[in-house]
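What follows is the residue order along each chain.
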Amino acid sequence: MDSNVVRVDILGQEYVMKTSADPKYIQDVAKYVNEKMNEIKESGIDSSSQQLKISVLACMNITAELFDVRSKSHNFISKVENQALKISEYIDKKGDSINQ
């Protein structure tokens, strides 16, 4: 797998990454992180002395979003599995009544 060198900017700092991922994807991820960090910065935290705090709070916000999406995904998958089971049971019952 080929490696790409990708340069991204987050809160005015450049980060260089070597990755096998699509550079556009990495830049989109960095853009999202930068937006989240700027939201926190704009809420009143002084970035010159609190960059670590901004980073930690952004990580907490992004992780909360991830957990929410995982939970919704798990609930959706459970509902689909339950519906598939009901359909399968219905088909089995209809097949049994036809075979009798």
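Here, the structure is the one placed above.
Rules used in this analysis
- Residues numbered from 1 in each chain as written.
- Predicted model: local features only at pLDDT ≥ 70, side-chain atom pairs only at ≥ 80, totals over all residues.
- Heavy atoms only, no water.
- Helix = DSSP H or I, 4+ residues; strand = E, 2+ residues; numbered from the N terminus.
- Expected span 1.5 Å × (residues − 1).
- Buried < 20%, exposed > 50% of the residue type's maximum accessible area, 1.4 Å probe, protein only.
- Arc of directions from axis to C-beta.
- Core = buried A, V, L, I, M, F, W, Y, C linked by side-chain atoms within 4.5 Å.
- Contact = heavy atoms within 4.5 Å.
- Salt bridge = Lys/Arg side-chain N within 4 Å of Asp/Glu carboxyl O.

Chemist: I'd like to hear about helix H1 (residues 23–42), residue by residue, with values.
Modeler: Taking 1.5 Å of rise per residue, 20 residues should cover 28 Å, and H1 covers 28 Å from first to last C-alpha, within 8% of that figure. Taken as a whole, H1 has its buried residues at Ile26, Ala30, Asn34, Lys36, Met37 and Ile40. One side of H1 carries all its buried residues, which in axial view fall inside an arc of 160°. Turned more than 90 degrees away from the buried face of H1 sit Tyr25, Lys31 and Glu42, all of them exposed. Count one or two residues on from H1 and you reach glycine 44, which has phi positive near 125°.

Chemist: Can you tell me about the nonpolar core, naming the residues and giving the values?
Modeler: Residues Val6, Val8, Ile10, Leu11, Ile26, Ala30, Met37, Ile40, Ile45, Ile54 and Ala58 constitute the largest nonpolar core, which totals 11 residues. Put simply, the parts of the chain that give this core at least two residues each are strand E1 (4–10), H1 and helix H2 (47–99). Ranked by residues supplied to this core, first place goes to H1 with 4 residues. Setting aside residues no more than four positions away along its own chain, methionine 37 makes contact with Ile10, Leu11, Ile54, Ser55 and Ala58.

Chemist: Just give me the short version of the pattern of salt bridges, but keep the residues and values in it.
Modeler: Opposite charge on two side chains permits them to pair, given that their charged atoms come into close proximity. Under the defined criterion, the tally for this structure stands at 5 salt bridges. The salt bridge partner of glutamate 65 is lysine 36, with a shortest N-O separation of 2.6 Å. Within this pair, whereas glutamate 65 is found in helix H2, its partner lysine 36 is found in helix H1, the two being separated by 29 residues in sequence. For glutamate 65, a relative accessible area of 29% translates into the label partly exposed. Lysine 72 is the salt-bridge partner of aspartate 68, the closest N and O atoms lying 3.2 Å from each other. Here the residue aspartate 68 and the residue lysine 72 both occupy positions in helix H2, the gap between them amounting to 4 residues, near one helical turn. Beyond isolated ion pairs, a larger network of salt bridges with shared partners links Lys36, Glu39 and Glu65.

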